[in-house]
Amino acid sequence: MPTRAAVAIVATAIAVVLLFSFKTPAQARPRTPAADVSQASPTPSASPSPSESSAPTPTPTPTNPGPTYKDGQYTGQVFQNQFGDTQVKVTISGGRITDVQALQLPYDRQRSAEISQYAAPQLHDEVLQAQSAQIDTLSGATYTTDSYAQSVQSALDKAHA
Amino acid sequence: MLETAVRRIRVEHIMGTAISIDLRDAEVEDDVVATAFEWLRQVDACFSLYKPQSEISRLGRGELTVEECRAEVGEVLSLCEELREETQGVFNAWSCRSDGRLDPSGVVKGWAVERAAGILERAGGRNFCFNAGGDVLIRGEPEPGRAWRIGIRHPNDIGALAAVVHGNDLAVATSGAYERGDHIVDARTGVPSRTLLSLTMAGPSLTMADAYATAGFAMGTAGVEWVAGRPSYAPFAVTTSGRVRYSDAFADLLVSGDTSGSQLVGR
């Protein structure tokens, strides 16, 4: 049965979200060139064997500037999915993201919270470290950006002003 | 003369998610971005399963043949067929829905974004970032001398990142059950994938990165091995036991945190 289903993406009604559009001014202020050249990454090449818990330590790049933001707290737009509304507040301190607080979360988070009770402790330290990293954009499962990540992004867009 | 970067970002709600274009090339006209969004809206109108009059809906009801649809429908279905073969049926646009209707949406978004990126490139765009509902395509650099930095959301901690990668020309797609619940099931067993919390794929094509992430996620932990074997693609997985698994190729993309050199690896 070659057509036997394997990935079944269960159809869920997509909440209709308000069409929105915004843009920063085309003549945004020029950004200062980075003080040091961050390591450019090549396109990944084939590497068939994933390693567990044995990957090399990433080289610390303490002087890598990353994007800079204006200090302050920025509240992102509210984004919706069928589970509910998501809205975050991003805190910028010293030009860097120091905190991301969720102001509203969909109720479906309860299930995730149960899982995280055993998953989180092992990741916790690494996550805190990564959280302070400066990012230009965010990858996550679909609807992440639709709700959470886009709220973060919209907050960062304000911080860029 | 030093180059300086301007930043124009525009977000529209298309294909049931938010798509943003962050363009850093000052010389590219605004209407090029508008054209890219217009293309994405056209794709949505054609391929949406939520629009009864979309060509894909009409095709699914047998009201149209593939030949009667616009050429892109045939192109996408060919892509779906290639992926069905490559994933040995795990990715199957013809039988992934409980109601049995044709659903190529697993490849449409990545494919459409790549084509939209081509619109920018043909107009001289060299430095930009697309984010389509968490699937990311980057080109060039955000400012002279710096690579794009892409955070990968922690599947269980909404306020945290599991990793940060950087690059210049790269696609990154993530599959997981944490946003929409158990929507990706392996129909060979009939149960949702519960061994992985999330699977991220990085590589040259967003279409393929997205499709591999979805198929690999459905396969569970074995899927991490499978996707690591895809030439030019690199996986990063968070398992339900809280471990992080990634390939050497993915390790090359990782950015460390800015203060510590500790490993970005779960235990």
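For every chain, the first residue of the written sequence is number 1, and numbering continues from 1 along that sequence. As they are written, the chains are lettered A onward and the ligands numbered 1 onward, keeping that order. Predicted model: local features are reported for residues with pLDDT of at least 70 only, side-chain atom pairs are reported and counted for 80 or more only, and whole-chain, interface and lining totals are derived from all residues. Water and hydrogen atoms were dropped before computing side-chain values, which therefore reflect all heavy atoms in the structure.

A. Geometry of the overall build of chain A. Counting from the N terminus, the helices are DSSP H or I runs at least four residues long and the strands are E runs at least two residues long. In terms of regular secondary structure, chain A is built from two helices and eight strands. Each helix and strand of chain A, placed in order from N terminus to C terminus, yields the pattern β-β-β-β-β-β-β-α-β-α. Here's how the labels work: a residue is buried when its accessible area is under 20% of the maximum for its type, exposed when over 50%, partly exposed in between, all with a 1.4 Å probe on protein chains only. Going through the 161 residues of chain A one by one, you find that 48% of them count as buried. For this analysis, residues touch if any pair of their heavy atoms sits within 4.5 Å. Restricting to contacts in chain A with at least 6 residues of sequence separation, those with at least 24 account for 60%. What sets the accessible areas is the Shrake-Rupley method with a 1.4 Å probe; for residues, cover comes only from the shown protein chains. Within the structure as shown, chain A displays about 7700 Å² of accessible surface, and the carbon and sulfur contribution to it stands at 58%.

B. Main features of the confidence of the model for chain A. All names here are of chain A. When pLDDT is averaged along chain A, the result is 49; 24% of the residues meet or exceed 70. Confidence, expressed as mean pLDDT per element, reaches its minimum in chain A at strand β2 (residues 21-23) with 25 and its maximum at strand β4 (residues 72-75) with 87. Looking at any residue, its pLDDT shows the predictor's confidence there, from 0 to 100. When the criterion is pLDDT under 50, residues 1-65 qualifies, and its contacts beyond four places in sequence or with other chains add up to 176 contacts. Note on residues 107-132: pLDDT is under 50 here. Beyond four places in sequence and across chains, it has 55 contacts.

C. Quick peek at the packing of aromatic side chains. Residue and element names in this part refer to chain B. For this analysis, a ring pair means two rings from Phe, Tyr or Trp (six-membered ring only for Trp) whose centres lie within 6.5 Å, classed as stacked if their planes differ by under 30 degrees, edge-to-face if by over 60, and tilted for the remaining angles. Applying the stated criterion across every chain, the model contains eight aromatic pairs over all chains. Relative to W111, the ring of F47 has its centre 5.9 Å away and its plane inclined at 70°; by these criteria the two rings are edge-to-face. Of the two residues, F47 sits in helix α1 (residues 30-47) while W111 sits in helix α4 (residues 105-122), which places them 64 residues apart along the sequence. With respect to burial, F47 and W111 carry one shared label: buried. For the pair F236 and Y246, a centre-to-centre distance of 5.7 Å together with 20° between the ring planes defines the contact as stacked. Of this pair, F236 sits in strand β11 (residues 234-239) while Y246 sits in strand β12 (residues 244-246), and the two are ten residues apart along the sequence. Taking the relative accessible area as the measure of exposure, Y246 reaches 1% and is therefore buried.

D. Summary view of α4 of chain B. All names here are of chain B. Expected span, for any helix, means 1.5 Å times one less than how many residues it has. Across its 18 residues, α4 extends 26 Å between first and last C-alpha, which sits within 8% of the 26 Å expected from 1.5 Å per residue. Among the 18 residues of α4, 13 are classified as buried, and the element is accordingly described as predominantly covered. Positive backbone phi, approximately 100°, marks G124, located one or two places after α4.

E. Region of the structure containing the sheet that holds strand β8 (residues 137-139) of chain A. At least two bridges found by DSSP between two strands is the condition for calling them paired. With mixed pairing, four strands are arranged side by side in an open sheet as β8(A)-β5(B)-β6(B)-β13(B). Of all the strands in the sheet, just β8 of chain A together with β13 (254-255) of chain B have a single pairing partner and so form its edges. Of the pairings in the sheet, the one linking strand β5 (residues 148-153) of chain B to strand β6 (residues 161-167) of chain B comprises six bridges and is antiparallel in character. When the sheet's bridge partners are listed, I152 of chain B is paired in β6 of chain B with A163 of chain B.

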